[in-house]
Amino acid sequence: KNGSGLVVACGKAEDIFGTMCKSIDTEVMNQNNGNGDGDGVGIEPHVLVQEEPCSEEARVDKAVKRSVKTFKSGASGSFESVWGASLYDIDDLPYAEGFNGIPDTFTPFRNKVEKNCKIPPPRPIPTKASIALPKNSAVLSVLSGESENYSIENCSLSYMPSLKDLGY
């Protein structure tokens, strides 16, 4: 509705991001060098994820971060996580230990939070410009699956996995 594209991929997140970064970077450098209008500089990816409290997700995040920062020699990709798994921001909770200080049962949690926390107002709806895909033709050719040399298997703006792809 707001104009963003959704890249759907099937596979391990760290493998997908590593391959995506390499493919887009190579396509960007080839188009820049081939047209003579670029300086041969590749991409600097920025990955933003929702932080999760479980160890399995934390391991995946660490692996994705590593793949974004090491997809090529001298890579300068960045990785950022934001809390979004609860109505309250972790920093606003009335527990000195943050997430780890939350009681095991609901009633003590509810009582302390109701007395000490306010629910913030909702964030504004993102603008089309803030969520749009990059306009770079090299990036779009890889993500749309139209790149002749650097398409990514089971990953594009139009890919939809089957139940078999998902293990059913």
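We now turn to the structure provided with this report.

**Some words on the overall build of the chain**
Helices and strands together make up the secondary structure of the chain, namely five helices and four strands. Against the compact-globule benchmark of 15 Å for 168 residues, the chain has a radius of gyration of 20 Å, which places it well outside the compact range. Judged by the C-alpha coordinates and their principal axes, the chain covers about 65 × 40 × 35 Å. Considering only contacts in the chain between residues 6 or more positions apart, those separated by 24 or more positions represent 61%. Counting only carbon and sulfur atoms, one obtains 52% of the accessible surface of the chain, whose full area is about 11600 Å². Each charge class in the chain was averaged separately, 17 positive and 23 negative side chains, and the resulting centres sit 6 Å apart.

**Here's the deal with a nonpolar patch on the surface**
Where nonpolar side chains cluster on the molecular surface, the patch consists of Leu-163, Leu-166 and Tyr-168 and spans about 410 Å² of accessible area. Relative to the assigned elements, Tyr-168 resides in the segment after β4 (155-156).

**A word on the environment of Val-28**
Inspection of the secondary structure assignment puts Val-28 in helix α1 (residues 13-35). Taking the relative accessible area as the measure of exposure, Val-28 reaches 4% and is therefore buried. Between the C-alpha atoms of Val-28 and Asn-136, which are 108 residues apart in sequence, the distance is 8.1 Å.

**Concerning the nonpolar core**
In this structure, Met-20, Ile-24, Val-28, Ile-43 and Val-47 are the most contacted members of the largest nonpolar core, which totals 19 residues. Where this core is concerned, the elements lending two or more residues are α1, β2 (46-51), α2 (55-69) and α5 (137-143). It is α1 that provides the largest number of residues to this core, a total of five residues. Other than its neighbours up to four places away in sequence, Ile-24 contacts Ile-43, Val-139, Val-142 and Leu-143. Counting eight residues, the second-largest nonpolar core is a separate cluster that includes Tyr-88, Tyr-95, Phe-109 and Val-113.

**With respect to α2**
A rise of 1.5 Å per residue sets the reference length of α2, with its 15 residues, at 21 Å; its end C-alpha atoms lie 21 Å apart and thus fit the reference within 8%. Among all positions of α2, only Asp-61, Ala-63, Val-64, Ser-67 and Val-68 are buried. Taken end-on, α2 shows its buried residues confined to a sector of 165°, consistent with a single buried face. Exposed residues pointing more than 90 degrees away from the buried face of α2 are listed as Arg-59 and Lys-62.

Calculation notes
Sequence order as written defines the numbering, with residues in each chain counted from 1. Only residues with pLDDT of at least 70 get local features here, since the model is predicted, and only at 80 or more are side-chain atom pairs given and counted; chain-wide, interface and lining totals rely on the full set of residues. Heavy atoms from the whole structure form the basis of all side-chain values; hydrogens and water molecules are not counted. Here a strand is any run of E in DSSP of at least two residues, a helix any run of H or I of at least four, and the numbering for each starts at the N terminus. Using C-alpha atoms as the atom set, the radius of gyration is obtained and then compared with a globule rule of 2.2 Å times the number of residues to the power 0.38. In what follows, residue pairs with any heavy atoms lying within 4.5 Å of each other are defined as contacts. For the area figures, the Shrake-Rupley method with a 1.4 Å probe applies, and any residue is considered shielded solely by the protein chains shown. In summary, the charge assignment counts Lys and Arg as positive and Asp and Glu as negative, without counting His or the chain termini. Working definition for charges: the position is that of NZ of Lys, CZ of Arg, CG of Asp or CD of Glu. Nonpolar side chains (Val, Leu, Ile, Met, Phe, Trp, Tyr) within 5 Å and like charges within 9 Å form the patches, drawn only from residues with over 30% relative accessible area and no salt bridge. Criterion for a salt bridge: a side-chain nitrogen of Lys or Arg within 4 Å of a carboxyl oxygen of Asp or Glu. Using a 1.4 Å probe on the protein chains alone, a residue whose accessible area is under 20% of its type maximum counts as buried, one over 50% counts as exposed, and one in between counts as partly exposed. The criterion is simple. A nonpolar core is a set of buried Ala, Val, Leu, Ile, Met, Phe, Trp, Tyr and Cys residues joined through side-chain atoms within 4.5 Å. Between the first and last residue of a helix there are one fewer steps than residues, each counted as 1.5 Å, and that sum is the expected span. When we speak of the arc, we mean the arc of directions from the helix axis to the C-beta atoms.

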